[in-house]
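# Structure assessment
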Amino acid sequence: RVYDSELVPAEGPADSRGGTDLASAAAAAGVELTDREHEVLVLMGQGLSNREIGLELEISANTAKFHVKAVLDKLGAQTRTEAVVLALRAGLLDL
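Basis of the calculations
Residues numbered from 1 in each chain as written. Predicted model: local features only at pLDDT ≥ 70, side-chain atom pairs only at ≥ 80, totals over all residues. Heavy atoms only, no water. Axes fitted to C-alpha atoms, helices over the stretch in contact; angles between N-to-C directions. Helix = DSSP H or I, 4+ residues; strand = E, 2+ residues; numbered from the N terminus. Parallel < 35°, antiparallel > 145°, perpendicular 65-115°, else oblique. Left-handed = near helix turned anticlockwise from the far one by under 90°. Contact = heavy atoms within 4.5 Å. Nonpolar A, V, L, I, M, F, W, Y, C, P; charged D, E, K, R; others polar. pLDDT = per-residue confidence, 0-100. Core = buried A, V, L, I, M, F, W, Y, C linked by side-chain atoms within 4.5 Å. Buried < 20%, exposed > 50% of the residue type's maximum accessible area, 1.4 Å probe, protein only. Salt bridge = Lys/Arg side-chain N within 4 Å of Asp/Glu carboxyl O.

To continue, consider the packing of helix H4 (residues 61-75) against helix H5 (residues 80-89). It is the contact of H4 with H5, at a shortest axis distance of 10 Å, that shows an interaxial angle of 55°. By the angle between their directions, the pair H4 and H5 is classed as oblique. When you trace H4 past H5, the crossing you get is left-handed. Contacts from Val 68, Leu 72 and Leu 75 in H4 reach Arg 80, Ala 83, Leu 86 and Ala 87 in H5. Tallied by class, residues from the contact of H4 with H5 come to six nonpolar, no polar and one charged.

Our next topic: the confidence of the model for the protein. Across the protein, the average pLDDT comes to 80, with 69% of residues at 70 or higher. When mean pLDDT is compared element by element in the protein, helix H3 (residues 50-57) scores highest at 98, while helix H1 (residues 22-25) scores lowest at 48. The model gives residues 1-19 a pLDDT under 50, and that stretch makes 37 contacts with residues more than four places away or in other chains.

We now examine the nonpolar core. Residues Leu 41, Met 44, Ile 53 and Leu 75 are the most contacted members of the largest nonpolar core, which totals 22 residues. Of all the elements in the fold, those that place two or more residues in this core are helix H2 (35-45), H3, H4 and H5. Tallying contributions element by element places H4 first for this core, with five residues. Those residues in contact with Met 44 that lie beyond four places of it in its chain are Ile 53, Val 68, Val 71, Leu 72, Arg 80, Ala 83 and Val 84.

What follows covers the pattern of salt bridges. Applying the stated rule across the entire model yields three salt bridges. Across the salt bridge formed by Glu 39 and Arg 36, the nearest N and O atoms sit 3.1 Å from each other. You can see Glu 39 and its partner Arg 36 sitting in helix H2, three residues apart, about one turn around the helix. For Glu 37, the salt bridge goes to Lys 74, with nearest N and O atoms at 2.7 Å. Here Glu 37, found in helix H2, pairs with Lys 74, found in helix H4; they are 37 residues apart in sequence, far enough to count as distant. Glu 37 sits in the buried class, given a relative accessible area of 7%.

Moving on to unusual backbone geometry. With a phi angle near 60°, Glu 58 is a residue other than glycine that sits in the positive phi range. With respect to the helices and strands, Glu 58 occurs in the loop between H3 and H4. A relative accessible area of 75% places Glu 58 in the exposed class.

And the structure:
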């Protein structure tokens, strides 16, 4: 899936925790997620673990972990929580 929105440089200024600030990291708006990555993102937003995501999607926990890492990388997030927040702010996720 391709999400159209205002593009912001992915390499934004660092915040006090050493990550990118949320506004610039919302470059997630220009990010292309596969259908599977979007499914994983939705499940991450529901607070599911890799094991639970795997069970829900009928894939192994290791494959779920691979997809979670791809989502984190594409969103420029360091944690699952940050990925969900960025996705919400960028309009990629609706809880």
